[in-house]
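Given next are the chains, with one letter for each unit.
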Amino acid sequence: MKRYLLILCFLAVAVTASAAWMDQLQKLADPESKERKILSGTTQVLSSSKEIDYITERTIGEALALESMQRFGKPVAKETMQQYVNLVGAVVAQSSLRSTIPYHFTVLDSSVQNAFAAPGGMIFISKALLETLTDEAELAAVLAHEIGHVAAKHALKSTQRAQFLQGVGTITAATSGGKGKEYQALIGDLQNKLFDQGLDKSMEFEADLAAMETSYRAGYNPLAMIRVLERLQKLEASSVKKGSWFSTHPPLKERIARLKREQARYPDAATLAELPERFRGKMK
Amino acid sequence: MRNILVLGSICLLLLGCAATAGDLATTTSSSAASEIRWVVGTGTTLKAEAVASSADILPLAVGAEVQVLENAGRWLKVQSASKERGWVFAGRLSATPPVAEVTPSEGLLAASAQQSQIEIAKADSARSIRGLSAETEGYAKERGTPLEYRQALDGILARRVSKGEIISFMRAGKLGEYAQ
């Protein structure tokens, strides 16, 4: 009898404890829960302690900008278009999770449909990709995708070569003297990632979700991101693949399917700004 | 004696379940009342009413935590850390904390998680005065980058949009808090 009683008591304690533990687990699984937010905040601070500082990031971004223009073309010589893209970009950037750094948006005179972000907030979109868009919400979505890469520092996280910066005191020391060659190798590696190989699939999906969330916060219809990808899907067969969004990003079918699963999070999407007339006026 | 012990155990079981259920109920109500959001938009202010033209109560820095008191669609009634209450456009807040900028400490990769907005502002204003940084000029020289591309990059870095231009652009497009 004593044995049964002991088992019964043990069960009582175990049921109580496991129910409480399951409750905690459920709270952590819920993205809106306080517990989950606190945990994600802590993770972010811990990971940022190993990250690169803005000035170094920006200097690397400038070197990549020089390389990208030599590969894809110089900025389009149309100041009204460049200023417009910078305004749309600024509206989106101020709603992003990294709103306090300066961003620079540039339309490159390129016939390859592409957009990419160099570290530190240097964002490029090709004239060809811009011409496939039909309204401001779509432009905002593409720029928000690239801002998502900058905010998460995806490019630098994608290469082991950035490790050589460990222990180097200043960016001047990292780019000159004996370290100069290592710095050039890092830029070469990043060019390969951004212009040819592409970033990890998970980073692209993360940037797609960030694009919807950020453009929604800015007041644009977030479903415009899905429209852009669907249009590109139709153009894929007849487009240049090398160095384009087609070759450096995951398959469009997979990206569209993932974003469609998120549509329900934006029930008021259709009431938000798309601004096709303003967009068309600036593209002339 | 045996019956008493069995009864006692059953009571213990029931008490355990009741305590858990009570804990769940308390948590549900408290989490609804204390939903936390983070300020992500630069230039965010706590407003007296749920409209962009309303009076400013308090500027809210990026990264500041606010407690949501009431949800009125695109505007949220919130309480700041200093216990001030007012309205904020929902698009200026996020359920995820913003990225914390870092400053170098022991080498460029081992940066501390301190806010470094002063460093960012200094770096950006220096660019506007003197064009490309010495490091980028050095890289371009080393790689033999033609002058036209260095000039093009200088032009990109020199292009700026002011806060006033962004607000006018948002008003004209009825974007964000100017949608009403």
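Please read all numbers here as calculations on a predicted model, not as lab measurements.

Trainee: Could you give an account of the overall build of chain A, naming the residues involved and the relevant values?
Mentor: The number of helices and strands found in chain A is 14 helices and three strands. A burial count over chain A gives 48% of its 284 residues as buried. Considering only intrachain contacts with a sequence separation of at least 6, the fraction spanning at least 24 residues in chain A is 72%.

Trainee: Account for unusual backbone geometry, with residues named and values stated.
Mentor: Even without being glycine, Leu275 of chain A reaches a positive phi, approximately 50 degrees. Among the secondary structure elements, Leu275 of chain A is positioned in the loop between α13 (252-260) and α14 (276-283). One non-glycine residue, Lys83 of chain B, lies in positive phi territory at about 70 degrees.

Trainee: Could you give an account of the sheet that holds strand β3 (residues 122-126) of chain A, with specific residues and numbers?
Mentor: All names here are of chain A. Taken in spatial order, the three strands of this open sheet run β1-β3-β2, and their pairing is mixed. Across the chains shown, the open sheet's two edge strands, defined by having one partner strand only, are β1 (104-108) and β2 (115-118). Between one strand axis and the next, the sheet turns through 20 degrees on average, direction left out of account. The strands touched by helix α4 (residues 79-93) are β1 and β3; relative to β1, the strand with the most contacts, the crossing angle is about 140 degrees.

Trainee: Lay out the packing of helix α3 (residues 54-72) of chain A against helix α9 (residues 180-197) of chain A in plain terms, naming residues and giving numbers.
Mentor: Residues and elements named next belong to chain A. Look at α3 against α9: their axes get within 10 Å of each other, and the N-to-C directions meet at 60 degrees. The orientation of α3 with respect to α9, classified from their angle, is oblique. α3 and α9 meet at a crossing whose hand is right-handed. In this structure, α3 uses Ile60, Ala63, Leu64, Glu67 and Arg71 to contact α9, whose residues at the interface are Ile187, Leu190, Gln191 and Phe195. Of the residues contributing to the contact of α3 with α9, the split by class is six nonpolar, one polar and two charged.

What counts, and where the lines are drawn
Residues numbered from 1 in each chain as written. Chains lettered and ligands numbered in written order. Predicted model: local features only at pLDDT ≥ 70, side-chain atom pairs only at ≥ 80, totals over all residues. Helix = DSSP H or I, 4+ residues; strand = E, 2+ residues; numbered from the N terminus. Buried ≥ 20, exposed ≤ 12 C-beta atoms within 10 Å, placed from the backbone. Contact = placed C-beta atoms within 7 Å. Pairing = 2+ DSSP bridges. Axes fitted to C-alpha atoms, helices over the stretch in contact; angles between N-to-C directions. Parallel < 35°, antiparallel > 145°, perpendicular 65-115°, else oblique. Left-handed = near helix turned anticlockwise from the far one by under 90°. Nonpolar A, V, L, I, M, F, W, Y, C, P; charged D, E, K, R; others polar.

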